[in-house]
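Residue-level structure breakdown
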Amino acid sequence: MSRNPGAIRGGNRHLLAAMLFAILAPGLSLAVPPKYFAITEPRLDTGSGSIIVKLGIGCDNVLGLFEMLKDGASVELIIDARIERLRSWWTNVTVVEQRLVSSLQHNPLTREFAMLMPGGAQPLLDKNLDRLLDATWSKFSINFGPLSVLDGEDAGAQYQIVLALRMEHAKVPPWLEKNFAFWSRNVLDPEVVTVPFAP
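Residues numbered from 1 in each chain as written. Predicted model: local features only at pLDDT ≥ 70, side-chain atom pairs only at ≥ 80, totals over all residues. Heavy atoms only, no water.

A few words now on the nonpolar core. One finds Ile-79, Leu-104, Trp-137, Phe-144 and Leu-163 to be the most contacted residues of the largest nonpolar core, which totals 39 residues. In this structure Phe-144 touches Ile-51, Val-53, Ala-81, Arg-82, Ile-83, Val-96, Gln-98, Val-149, Ile-161 and Leu-163, once residues within four positions along its chain are discounted. (Core = buried A, V, L, I, M, F, W, Y, C linked by side-chain atoms within 4.5 Å. Buried < 20%, exposed > 50% of the residue type's maximum accessible area, 1.4 Å probe, protein only. Contact = heavy atoms within 4.5 Å.)

In structure tokens:
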């Protein structure tokens, strides 16, 4: 009887994957986890005398995020935002920078999702995740302060706004507490958004 070694190796790979999933995620939902950011085109607003960037932030699979949160995950959206003065032959100069952190988790007792926005004193609560995201991350606003932060810069200088986005686990997910070797802090692949800016 002839054998197909490739088929045997392929079968072993599938068996190993199934065993690994059984070890790492007992009882975990089979929903596909999110992987990428879904970001709307940033809009720059200086009409009020301040430098404000508005954009919508989401992910490629809200259902997957929903299931992760329901299974006990707690995530943080982290944005490292800065204004750079562009230079042709040298590294760009950072003029203003800030870090914004927003946390999201689910309370199984109240069945509510809790979103804490940057600078917020109390989390926003809603049992509907889509509605909560639509009221928060989908209408994200980043204020760099008044245009006067650029005073003293070279006349006619060109700038760009850089937004480095990450979504991370705020803590080790319950289904991986005993399997740190297989744990990645990133929930979504990091992404960088740039917005040209001429004051």
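Past the structure itself, the notes keep going.
Strand pairing in a sheet takes place through backbone hydrogen bonds and is either antiparallel or parallel in direction. An order of 2-3-9 is seen for the 3 strands of this open sheet, with the pairing classed as antiparallel. Edge strands, defined here as strands with exactly one partner in the open sheet, are strand 2 (43–45) and strand 9 (140–146). Across the sheet, the mean angle separating the axes of adjacent strands is 20° when strand polarity is ignored. Direction of pairing for strand 3 (residues 50–55) relative to strand 9: antiparallel, over a ladder of 5 bridges. When the bridges of strand 9 are listed, Lys-54 appears paired with Ser-141. (Pairing = 2+ DSSP bridges. Helix = DSSP H or I, 4+ residues; strand = E, 2+ residues; numbered from the N terminus. Axes fitted to C-alpha atoms, helices over the stretch in contact; angles between N-to-C directions.)

Scanning all chains against the criterion turns up 2 aromatic pairs. Centre to centre, the rings of Phe-66 and Phe-113 are 5.6 Å apart; their planes meet at 45°, and the pair counts as tilted. A residue pair is termed long-range when its members are at least 10 positions apart, and Phe-66 in helix 2 (residues 62–70) and Phe-113 in strand 7 (residues 112–116) qualify at 47 residues. Aromatic side chains Tyr-159 and Phe-197 sit 6.0 Å apart centroid to centroid with 45° between the ring planes, which places their arrangement in the tilted category. Taken together, the positions of Tyr-159 in strand 10 (residues 159–169) and Phe-197 in strand 11 (residues 186–197) put the pair 38 residues apart, joining distant regions of the chain. Residue Phe-197 is classed as buried on the basis of its relative accessible area of 3%. (Phe/Tyr/Trp six-rings, centres within 6.5 Å; stacked < 30°, edge-to-face > 60°.)

A few words now on the pairing of strand 5 (residues 75–85). The element strand 5 is largely enclosed, with a buried count of 9 among its 11 residues. Pairing of strand 5 with strand 10 involves 11 bridges; the strand directions are antiparallel. Residue pairing in the sheet places Val-75 in a bridge with His-169 of strand 10.

All right, on to the pattern of salt bridges then. Any two side chains of opposite charge can pair, on the condition that their charged atoms come close. What the rule picks out here adds up to 8 salt bridges. For Asp-126, the salt bridge is made with Arg-131, and the minimal N-O distance between the two is 2.8 Å. Overall, the relative accessible area of 51% leaves Arg-131 in the exposed class. Each member of the salt-bridge network shares a partner with another, and the members are Asp-80, Arg-99, Arg-166 and Glu-168. (Salt bridge = Lys/Arg side-chain N within 4 Å of Asp/Glu carboxyl O.)

Below, the discussion takes up unusual backbone geometry. In this model, Arg-111 sits at a positive phi of 60°, which is unusual for a non-glycine residue. Relative to the elements of secondary structure, Arg-111 occurs in the loop between strand 6 (93–107) and strand 7.

What follows is about the sheet that holds strand 5. Read from one edge to the other, the open sheet built from 6 strands follows the order 8-7-6-5-10-11, with strand pairing classed as antiparallel. Each having just a single partner strand, strand 8 (124–126) and strand 11 make up the two edges of the open sheet. Put simply, the sheet's adjacent strands are angled 15° from each other on average, direction ignored. Two strands pair when backbone bridges link them, and strand 5 and strand 6 are joined in this way by 11 bridges, in the antiparallel orientation. What sits directly across from Glu-76, in strand 6, is Ser-103.

The values reported here are purely geometric and, on their own, carry no functional implication.
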